Amino acid sequence: MLFVFVLCSHTRHQVNATEPVLELTKGFEAKPDSSINSFQPLLTDPNGNFSFGFLRLNGSRLSLAVTHPNLTDPLWVFDPTRTASWSHKTKLFFNGSLVVSDRSSRVEWSTHTNGDRLVLRNDSNLQVVTSSSSIEWESFDFPANTLVENQNFTSTMALVSSNGLYSMRLGRDFIGLYAKVSDDSHSQQFYWKHSALQAKAKIRDGSGPIHARINPNGYLGMYQTGTIPVDVEAFNSFQRPVNGLMILRLESDGNLRGYLWDGSRWALNYEAIRETCDLPNPCGPYSLCTPGSGCSCIDNSTVIGECSHGGSGAADFCGGKTEKFKTVRRGGVEVPFKELMDHKTTSSLGECEEMCVEDCKCFGSVYNNGSGFCYLVNYPIRTMLGVADPSKMGYFKVREGVGKKKSRVGLTVGMSLLAVIALVLTAAMVYVAFRIWSREKHALEAEDGGLSPGPYKNLGSDSFSSVEMSRR
């Protein structure tokens, strides 16, 4: 009986560590299973729609995540900037706090709580709760790139795209999308803004910051106090009776999209940016996006995808006398999302360009000859907007040496290829010459031996005297 008890206890511990359960209690431990290639579930919600567990990244890395089986990306990850190793050295345990530890990667993350259970709710919210159901910690307070229906999004939070290039934050009276435009974490460009209409309720100073929430009636609402929204951003399902879950996700192209789970698939329910050229960087560095025509390079001299003359290097042109650049000028160019960019008014194109020439932090300028507006681009050139008006002129600095470096690389590759071809041809010629020489040598040896050209003759059937006579 003691043996059976020990065996059953051991079996139950293994099941708890490898199969999803409805709650994790103190003493729970788990390690990643080397035989699993994508996701190892540890915890599930009561309806079985969501799972919490180990998410395998790039084969060898690990993150804690909440997933839905029909979503490619997780709904939540514990810290997008840090990952542990997918190995026996990584351990997750619950001791009142949810803790993941990996000494080999120096990753140590904890909820720093004193709860009794870890549970996953039907809305995908992961919570550490006490025996009295008091919430000690919840994942809804730390969103990644996704906002779930009825989840509060506050002014202290940010949605960050999975590639880390784009973010969504709240302002005093608006929702804003921002693009990371350089390695400096403070260098961000405002590229989309939705201001509160304040039709049913007003935003009042001193009443606290606004917050946003996906309403089950099919809209993203902005609120300050109470339940009356100061703004309603309608989804496709607005005021339509639906039974599925709604989410809002900041995607890797910088667009903010909403999805509705209808029981079998995630259907597109909202899209903040409708036109491709209105996205923050649809064509890449030093490129032009023209509505109806697609992508091209600013200088018209390179193949799309290889336009990045100054895509790497220093963050500006302030490297002193050694910092050199050439210039590219092009008509029919506008800055994207110009209504969100600062501008100055100048009397001429030359004056606008000169302002950029004299500023080592400036990468380019765009001048509108009609209005006199001069836009200075103080970050590495990304996708510009192509327009039909040739009087809208763009001036762009291109770091000298980057284009030449590409040319040298291309030249080196070409020369190497020619060298290989020449080597193969030389080897072939040597081989052919050797075969010809070898045949001639055999022919000469045959002549020296008294053999005349012609069919083979069996000398073994002749007598010795006949051979002697032939030699005479």
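Reading the values: the criteria
Residues numbered from 1 in each chain as written. Predicted model: local features only at pLDDT ≥ 70, side-chain atom pairs only at ≥ 80, totals over all residues. Heavy atoms only, no water. Pairing = 2+ DSSP bridges. Helix = DSSP H or I, 4+ residues; strand = E, 2+ residues; numbered from the N terminus. Axes fitted to C-alpha atoms, helices over the stretch in contact; angles between N-to-C directions. Disulfide = S-S within 2.5 Å. Buried < 20%, exposed > 50% of the residue type's maximum accessible area, 1.4 Å probe, protein only.

## A look at the sheet that holds strand 21 (residues 231–234)
- One open sheet accounts for three strands, arranged 19-20-21; its pairing is antiparallel. The open sheet has two edge strands with one neighbour each: strand 19 (211–215) and strand 21. On average, each strand axis in the sheet is tilted by 20° relative to the strand beside it, whichever way the strands run.
- Bridge count for strand 20 (residues 219–223) against strand 21 is four bridges, and the pairing is antiparallel. Following the sheet pairing, leucine 220 is matched in strand 21 by glutamate 233.

## Digging into the state of the cysteines
- Per the counting criterion, the structure on display carries four disulfides.
- At a sulfur-sulfur separation of 2.0 Å, the disulfide partner of cysteine 277 is cysteine 289. What sets the handedness of the cysteine 277 and cysteine 289 disulfide is the S-S torsion sign, and at about -75° it is left-handed. Taken together, the positions of cysteine 277 in the loop between strand 24 (266–271) and strand 25 (287–290) and cysteine 289 in strand 25 put the pair 12 residues apart, joining distant regions of the chain. Of the two residues, cysteine 277 and cysteine 289, neither departs from the other in class, the shared state being buried.
- Across a sulfur-sulfur distance of 1.9 Å, cysteine 283 and cysteine 295 are joined as a disulfide pair. Looking along the S-S bond of the cysteine 283-cysteine 295 disulfide, the torsion reads about -70°, which is the left-handed sense. Of this pair, cysteine 283 sits in the loop between strand 24 and strand 25 while cysteine 295 sits in strand 26 (residues 294–297), and the two are 12 residues apart along the sequence.
- Owing to a relative accessible area of 37%, cysteine 295 belongs among the partly exposed residues under this scheme.

## Things to note about the sheet that holds strand 13 (residues 135–138)
- Ordered in space as 1-11-12-13, the four strands form an open sheet in which the pairing is antiparallel. Of all strands in the sheet, those with a lone pairing partner are strand 1 (23–25) and strand 13, marking the two edges. Between one strand axis and the next, the sheet turns by 20° as a mean value, whatever way the strands run.
- Both strand 11 (residues 117–120) and strand 12 (residues 126–129) contribute to a ladder of four bridges, which runs antiparallel. Bridging across to strand 12, valine 119 finds its partner in glutamine 127.

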